[in-house]
Amino acid sequence: MAKNTPSFALSEQEALARFDEIIAADERIEPSDWMPDAYRKTLIRQISQHAHSEIIGMQPEGNWITRAPSLKRKAILMAKVQDEAGHGLYLYSAAQTLGIGRDQMTEDLISGKAKYSSIFNYHTPTWADIGSIGWLVDGAAICNQVPLCRASYGPYGRAMVRICKEESFHQRQGFEILLHLSRGSKAQHDMAQESVNRWYAPALMMFGPPDAQSPNSAQSMAWKIKRFSNDDLRQRFVDMIVPQSEVLGLTLPDRAIRWNEKRGHFDYGDLDWDEFNEVLKGRGPANSIRLERRKQAHDDGAWVREAAAAYAARENKEAMAS
Ligand code: 3HC
């Protein structure tokens, strides 16, 4: 079969052989290429969940925009929350190239059918939580998402490049908030420590269930959507944050953390997977608030969608008439 034969001119068997060749050669599948249904479904699932996470993730941080402790902090936080909106939009666009509509994805999110990251179902009662989200949550996001820049599906991988650059800034701003608090008054130091105590375990759980209980990992890795397993990325994250916590002067709330010379990694303690499963079932501390607020925002935005549709219809009519 010639390399430039268009997909539609190939039999299903030839198209599958070409798909396998592209994956084996570490090249990219593009929207116009033939792809197995299961590959398309897996991508729609992962990319739409990822997009929803970015959009829902605006809520716990948006909570602090009006109460940021200075004008500078407020400007930085607003920019960061706007970045998350942008990430959601790139990712929804990448998912749309696979044939799912934006309305459908939004409907799945607000009806509670679609998943989004467990981490955004926790509350942000103190300013230090903005630091912890930046350092731990965005730090975990970077560990998980940098390999996704090499995802085999072109639009996803390309969207991830810019997202990761912005996440890197987010991680540093969170680290800097915690450093400032940690070196401040005793009350500020204690607030930072209390916040890290709450966010540490949920951040580790962001990487997903242990490999032995991850039904999607093996196939996603074979398709080069995921490049590393959940546990490998979790370990990479722990290895990154242990020395960083020392620079911050904060402790990680896990007595099992110690350097393992033999493994060349830090050991860490067991995580509460019952809590993770409860959050996934919609019974986390803030699940209902997050969905309710997202639904409210969607309802409040109805007039914008109607106005945009009316404007597009008028433009179309004028274009047809000219
Ligand atoms: N939260 C919610 N659901 C999760 C989860 C989490 N932290 N981790 C896993 N799950 C779900 C999976 O979606 C899957 O459910 P499904 O089959 O119904 O979709 C189930 O648990 C089993 O997990 P698997 O390990 O088999 O699933 P995956 O192979 O898809 O791996 C993943 C899960 C590692 C999260 C992977 O989907 C991934 O890398 N996704 C892209 C990154 C992403 O979505 N990150 C979310 C955070 S975004 C973010 O942090 C924004 C930033 O601004 C901070």
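Preceding this paragraph is the structure being described.
Reference entry: report on the structure contained in this document.

The rules behind each value
Residues numbered from 1 in each chain as written. Predicted model: local features only at pLDDT ≥ 70, side-chain atom pairs only at ≥ 80, totals over all residues. Heavy atoms only, no water. Near = heavy atom within 4 Å. Polar contact = N/O pair within 3.5 Å; in protein donor to acceptor, adjacent residues only side chain to side chain. Areas by Shrake-Rupley, 256 points an atom, 1.4 Å probe, with all protein chains shown as cover. Disulfide = S-S within 2.5 Å. Buried < 20%, exposed > 50% of the residue type's maximum accessible area, 1.4 Å probe, protein only. Salt bridge = Lys/Arg side-chain N within 4 Å of Asp/Glu carboxyl O. Helix = DSSP H or I, 4+ residues; strand = E, 2+ residues; numbered from the N terminus. 1 Å grid on protein atoms, 1.4 Å probe; cavity = no way out; pocket = protein on both sides within 12 Å on 5 of 7 lines; lining within 4 Å. Points joined across faces, edges and corners; volume = space filled by probe spheres on them. Nonpolar A, V, L, I, M, F, W, Y, C, P; charged D, E, K, R; others polar.

Right, let's get into the site of the ligand. The ligand sits among 33 residues. The nearest are Gln49, Glu84, Lys115, Ser214 and Lys226. Glu167 has a polar side-chain atom sitting 3.0 Å from an oxygen atom of the ligand. At 2.8 Å, a side-chain N or O of Asn230 approaches an oxygen atom of the ligand. If the ligand stood free it would expose 990 Å²; the protein chains cover 90% of that surface.

Scanning the model with the defined rule gives zero disulfides in all. Unpaired in this structure, Cys143 has its nearest cysteine sulfur neighbour in Cys164, at a distance of 10 Å. Of the residues examined, Cys143 reaches a relative accessible area of 9% and is grouped as buried. As a non-bridged cysteine, Cys149 has Cys164 as the owner of its nearest cysteine sulfur, 3.8 Å distant. Judged by its relative accessible area of 19%, Cys149 is buried.

Another aspect to go through is the pattern of salt bridges. What the rule picks out here adds up to 16 salt bridges. With its nearest N and O atoms 2.5 Å apart, the salt bridge here joins Glu61 to Lys80. With Glu61 in helix 3 (residues 58–62) and Lys80 in helix 4 (residues 71–96), this pair connects stretches of sequence that are 19 residues apart. Residue classification places Lys80 among the buried positions, given a relative accessible area of 0%.

Using the criterion set out here, one finds one cavity of 30 Å³ or more in the structure. Considering only enclosed or pocket space, the largest cavity measures out at about 50 Å³ in volume. If you go around the largest cavity, the residues you meet are Ser7, Leu10, Ala15, Arg18, Phe19, Ile22, Asp33 and Trp34.

This brings us to the side chain of His87. For His87, the position within the fold is in helix 4. Of note is the side chain of His87, whose polar atom sits 3.3 Å from the side chain of Glu54.

If a probe the size of a water molecule is rolled over the atoms, the empty space left behind becomes visible. Here the largest pocket defines a volume of roughly 960 Å³. Forming the boundary of the largest pocket are 41 residues, of which Gln49, Ser117, Met206, Phe207 and Gly208 lie nearest the centre. Where the lining of the largest pocket is concerned, the elements lending two or more residues are helix 2 (37–56), helix 6 (128–145), helix 7 (154–182), helix 10 (230–248) and helix 11 (273–283). Residues belonging to the lining of the largest pocket are distributed by class as follows: 18 nonpolar, 14 polar and nine charged. In terms of lining residues, the second largest pocket is bounded by 15 residues, among which Ile55, Leu89, Tyr92, Arg102 and Arg294 are the most central. Among the secondary structure elements, those contributing two or more residues to the lining of the second largest pocket are helix 3, helix 4, helix 5 (102–110) and helix 12 (287–300).

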